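As a plain string of letters, each chain reads:
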Amino acid sequence: MTATTLDPKTALILVDLQKGIVGHPTVHPAEEVVERAARLAAAFREHDLPVVLVRVTGGAPGRNEGSGRQGTPPADWAELVPELNRQDSDIVVTKQTWGAFYGTDLDMQLRRRGITQVVVGGIATAIGVESTARGAHERGYHVTIATDAITDLDAETHRNSVERVFPRLGETDTTEAIVKLLG
């Protein structure tokens, strides 16, 4: 689905664009995703709209069959990539689970600013991005996914999220189209 409009009170949420994650092999080059995310951030800032930079520093407890982290991550693992040009006005959210809403004050931060819509990008599509988009949808925000500002470690899960899940949560479009909608 093509993005049709952006509400006057829209925020950008960029998920897990941090040093320890962008270095992983991804379906689409992480450098391109970061470049597009930085372009979105600059455009949102130009229009005095909130930019939310999300990083993960832990994981949810509980057993699973997936491969987990092994060993201690490097000291800079959770640092946001410098290309995002973090500003003092940005909202920084540190999460311990996949989604940016659970266990954080993100919803409160957005509601205090009157936000009614979010644009989401980041890594990984089927994990942090999808969980955050679901959380936004469940909380009543209009959701738009910047489909060229997301990527995953696995092609099939990326495709499933983009083709089957995201159209049910909101609208999808490219970075260029979203920037044009900002005006």
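Structure report, in brief. Note that the structure is predicted; figures quoted are calculated from it, not measured. Every chain is numbered on its own, with residues counted from 1 as its sequence reads. Since the coordinates come from a predicted model, pLDDT governs what is reported: local features require at least 70, and pairs of side-chain atoms require 80 or more to be given and counted, while whole-chain, interface and lining totals use all residues. Remark: hydrogens and water are excluded; side-chain values derive from all non-hydrogen atoms of the structure.

## Thoughts on unusual backbone geometry
The residue after Ile123, namely Ala124, is reached through a cis peptide bond having omega 5°. The way it works is that DSSP assigns letters per residue, a run of H or I at least four long becomes a helix, a run of E at least two long becomes a strand, and they are numbered from the N terminus. Position of Ala124 among the secondary structure elements: in the loop between strand S4 (117-123) and helix H4 (125-138). Located in the positive-phi region is Asp16, a residue other than glycine, with phi close to 55°. Its place among the elements puts Asp16 in the loop between strand S1 (10-15) and helix H1 (19-22). Even without being a glycine, Asn85 presents a positive backbone phi close to 55°.

## Here we look at the sheet that holds S4
We treat two strands as partners when DSSP finds at least two bridges between them. Read across the open sheet, the six strands follow the order S3-S2-S1-S4-S5-S6; overall the sheet is parallel. The sheet is open, and its two borders are formed by strand S3 (91-95) and strand S6 (171-173), each paired with just one other strand. With direction set aside, neighbouring strand axes in the sheet form an average angle of 25°. Where S4 and strand S5 (residues 142-151) come together, six bridges link them in parallel fashion. If you follow Val118 over to S5, its bridge partner there is Val143. Any pair of residues with heavy atoms lying within 4.5 Å of one another is described as a contacting pair. Axis definition: a line fitted to C-alpha atoms, over the contacting stretch in the case of helices. Angles run 0 to 180 degrees between N-to-C directions. Of the strands in this sheet, S4, S5 and S6 are in contact with helix H6 (residues 175-182), which crosses S5 at around 140°.

## Observations regarding helix H5 (residues 155-169)
Here a helix's expected span is defined as the number of its residues, less one, multiplied by 1.5 Å. With 15 residues, H5 should reach 21 Å at 1.5 Å per residue; the first-to-last C-alpha distance of 20 Å fits that figure. What the bend at a residue measures is the angle between two axes, fitted to the seven residues ending there and to the seven starting there. Approximately 35° is the largest bend angle found in H5, and it occurs at Ser161. Counting of polar contacts relies on pairs of N or O atoms within 3.5 Å, with two restrictions inside protein: one atom must be capable of donating a hydrogen and the other of accepting it, and residues adjacent in sequence are counted only when both atoms are side-chain atoms. Where H5 begins, one side-chain oxygen reaches toward the backbone nitrogen of Glu156, 3.1 Å away; that side chain belongs to Asp154.

## Observations concerning H6
Classification of residues uses two cut-offs on accessible area relative to the type maximum, computed with a 1.4 Å probe and protein chains only: under 20% is buried, over 50% is exposed, and between them is partly exposed. Three or more residues of H6 are buried, namely Thr175, Ile178, Val179 and Leu182. Considered in projection along H6, the buried side chains sweep an arc of 100° and stay on one side of the axis. On its buried face, H6 sits against helix H2 (30-46), S4, S5 and S6. Remark: Gly183 follows H6 within two positions and exhibits a positive phi of approximately 100°. By definition, the arc is the one covered by directions from the helix axis to the C-beta atoms.

## Focus on the side chain of Arg45
Inspection of the secondary structure puts Arg45 in helix H2. By relative accessible area, which is 17% here, Arg45 ends up buried. Non-local contacts of Arg45, meaning those with residues more than four positions away in its chain, are made with Val51, Leu84, Asn85, Arg86, Gln87 and Asp90.

## Details of the pattern of salt bridges
Counted as salt bridges are all cases of a side-chain nitrogen of Lys or Arg within 4 Å of a carboxyl oxygen of Asp or Glu. According to the stated counting rule, one finds ten salt bridges in the structure shown. Notably, a salt bridge pairs Asp16 with Lys95, separated by 3.1 Å at the nearest N-O pair. With a gap of 79 residues between them, Asp16 in the loop between S1 and H1 and Lys95 in strand S3 connect regions that are remote in the sequence. Lys95 matches Asp16 in its accessibility class, with the two residues each being buried. Salt bridges sharing partners connect three or more residues here, namely Glu32, Arg36 and Asp148.

## Looking at the packing of H2 against H6
Angle between the axes and distance between the axes are the two parameters that describe a pair of packed helices. At their nearest, the axes of H2 and H6 sit 10 Å apart, and the two run at 0° to each other. Comparing the axis directions of H2 and H6 gives the class roughly parallel. Each of Arg36, Arg39, Leu40, Ala43 and Phe44 in H2 lies in contact with H6, whose residues at this interface are Thr175, Glu176, Ile178, Val179 and Leu182. Residues are grouped as follows: nonpolar covers Ala, Val, Leu, Ile, Met, Phe, Trp, Tyr, Cys and Pro; charged covers Asp, Glu, Lys and Arg; every other residue, Gly included, is treated as polar. Considering only residue class, the contact of H2 with H6 consists of six nonpolar, one polar and three charged. In these notes the angle categories are as follows: under 35 degrees is roughly parallel, over 145 is roughly antiparallel, 65 to 115 is roughly perpendicular, and the rest is oblique.

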